Amino acid sequence: CKDSNATTPAIIFFAAGIALQIISEIVKSTPESKPHLIFTLPIFPVLALLFLASFHWMARLFGSREKFYNFFRPLGITLLFDIAAVFIPMFPSPFSIVFSLLFGIWGLMVILFIIREAYQVSLGKSIGILLTALLSFMAMVVILFLIILVIMFISGIGQFPAFPK
């Protein structure tokens, strides 16, 4: 998508998706988990940006020279439809797992199509970009989780209560 008019709506939908994810985490949290929100809530924007960046980095590794906005604009616009997926876990039912799975599969297919079109690569390279980006993102999440865990234990928030004798 080379239409620069799509940038502002993409940014708005991207920010709205992050805001709704944060709100859903606050609503789902228990009183015991409230102190942990201090560390977890700021992570959502970081994770979202790392998620987007991982696709762009992998596209570069696969030989594309297209700009990041060519990927971000259509993806940001499609986030309007993914915002509904934020509300599914808030209302648990037997169908929520099915809906979450369907939204996840749909989201991956949309991302695959956007990668192919935005970065002007073949379907095979698009699949490679998608898989390597997801793997690299998972590695970044694990590293970020370990860093947060260390910070929480150093600060005392993550300390376990003493076991009774």
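Since the model is a prediction, treat every value here as computed from it, not as a measurement. (Residues numbered from 1 in each chain as written. Predicted model: local features only at pLDDT ≥ 70, side-chain atom pairs only at ≥ 80, totals over all residues. Heavy atoms only, no water.)

A. Here's a closer look at the overall build of the protein. Scanning the protein from terminus to terminus reveals 6 helices and 0 strands. Sorting the 165 residues of the protein into buried and exposed places 33% on the buried side. Considering only contacts in the protein between residues 6 or more positions apart, those separated by 24 or more positions represent 70%. Accessible area of the protein: about 10,300 Å², with a carbon and sulfur share of 78%. (Helix = DSSP H or I, 4+ residues; strand = E, 2+ residues; numbered from the N terminus. Buried < 20%, exposed > 50% of the residue type's maximum accessible area, 1.4 Å probe, protein only. Contact = heavy atoms within 4.5 Å. Areas by Shrake-Rupley, 256 points an atom, 1.4 Å probe, with all protein chains shown as cover.)

B. The side chain of S126, seen in detail. Tracing the sequence through the fold places S126 in helix α6 (residues 123-155). Residues within four places of S126 in sequence aside, it is in contact with L112, I115, R116 and V121.

C. Spatial organisation of helix α1 (residues 7-28). When the terminal C-alpha atoms of α1 are compared, their 32 Å separation across 22 residues agrees well with the 32 Å that a helix rising 1.5 Å per residue should span. Looking at α1, one finds that the buried residues are T7, A10, F14, G17, I18, I22 and S24. Considered in projection along α1, the buried side chains sweep an arc of 160° and stay on one side of the axis. Facing away from the buried side of α1, by more than 90 degrees, are the exposed residues T8, I12 and V27. (Expected span 1.5 Å × (residues − 1). Arc of directions from axis to C-beta.)

D. Region of interest: α6. With 33 residues, α6 extends 47 Å from end C-alpha to end C-alpha; this agrees with the ideal 48 Å at 1.5 Å per step. Every buried residue belonging to α6 is among S126, G128, I129, L130, A133, S136, F137, M140, I148 and M152, and all of these are buried.

E. Broad picture of the confidence of the model for the protein. For the protein, the mean per-residue pLDDT works out to 81, and 85% of the residues sit at or above 70. By mean pLDDT, helix α2 (residues 37-40) is the weakest element of the protein at 70, and α6 is the strongest at 88. (pLDDT = per-residue confidence, 0-100.)

F. Quick look at the packing of aromatic side chains. Under the counting rule described, the total for this entry stands at 8 aromatic pairs. The interplanar angle of 90° and the centroid separation of 4.9 Å between the aromatic rings of F51 and F55 together place this pair among those described as edge-to-face. Placement of the pair is F51 and F55 together in helix α3 (residues 43-61), with a separation of 4 residues, close to one helical turn. The class of F51 is partly exposed, set by a relative accessible area of 22%. Owing to a relative accessible area of 0%, F55 belongs among the buried residues under this scheme. One aromatic cluster is present, built from ring pairs that chain together F51, F55, F71, Y119 and F137. (Phe/Tyr/Trp six-rings, centres within 6.5 Å; stacked < 30°, edge-to-face > 60°.)

G. Here's a closer look at the environment of I127. Note on placement: I127 falls in helix α6. Residue classification places I127 among the partly exposed residues on the basis of a relative accessible area of 38%. Between the C-alpha atom of I127 and that of M109, which follows or precedes it by 18 residues, the distance is 9.9 Å.

H. How the structure looks around the packing of α1 against α3. For the pair α1 and α3, interaxial distance at closest approach is 10 Å and the crossing angle is 135°. The angle between α1 and α3 falls in the class oblique. You can see that α1 and α3 cross each other, and the crossing is right-handed. Between α1, through F14, I18, Q21, I22 and E25, and α3, the contact on the second element is made entirely by F44, P45, A48, L49 and L52. Partitioning the contact of α1 with α3 into residue classes produces 8 nonpolar, 1 polar and 1 charged. (Axes fitted to C-alpha atoms, helices over the stretch in contact; angles between N-to-C directions. Parallel < 35°, antiparallel > 145°, perpendicular 65-115°, else oblique. Left-handed = near helix turned anticlockwise from the far one by under 90°. Nonpolar A, V, L, I, M, F, W, Y, C, P; charged D, E, K, R; others polar.)

I. Here's a closer look at the packing of helix α5 (residues 94-118) against α6. Closest axis-to-axis distance for the α5/α6 pair is 9 Å, and the angle between their directions is 125°. On the basis of their axis angle, the class for α5 and α6 is oblique. Once α5 is placed against α6, the crossing between them reads as right-handed. Of the residues in α6, those in contact with L108, I111, L112, I115 and R116 of α5 are L123, S126, I127, I129, L130 and L134.

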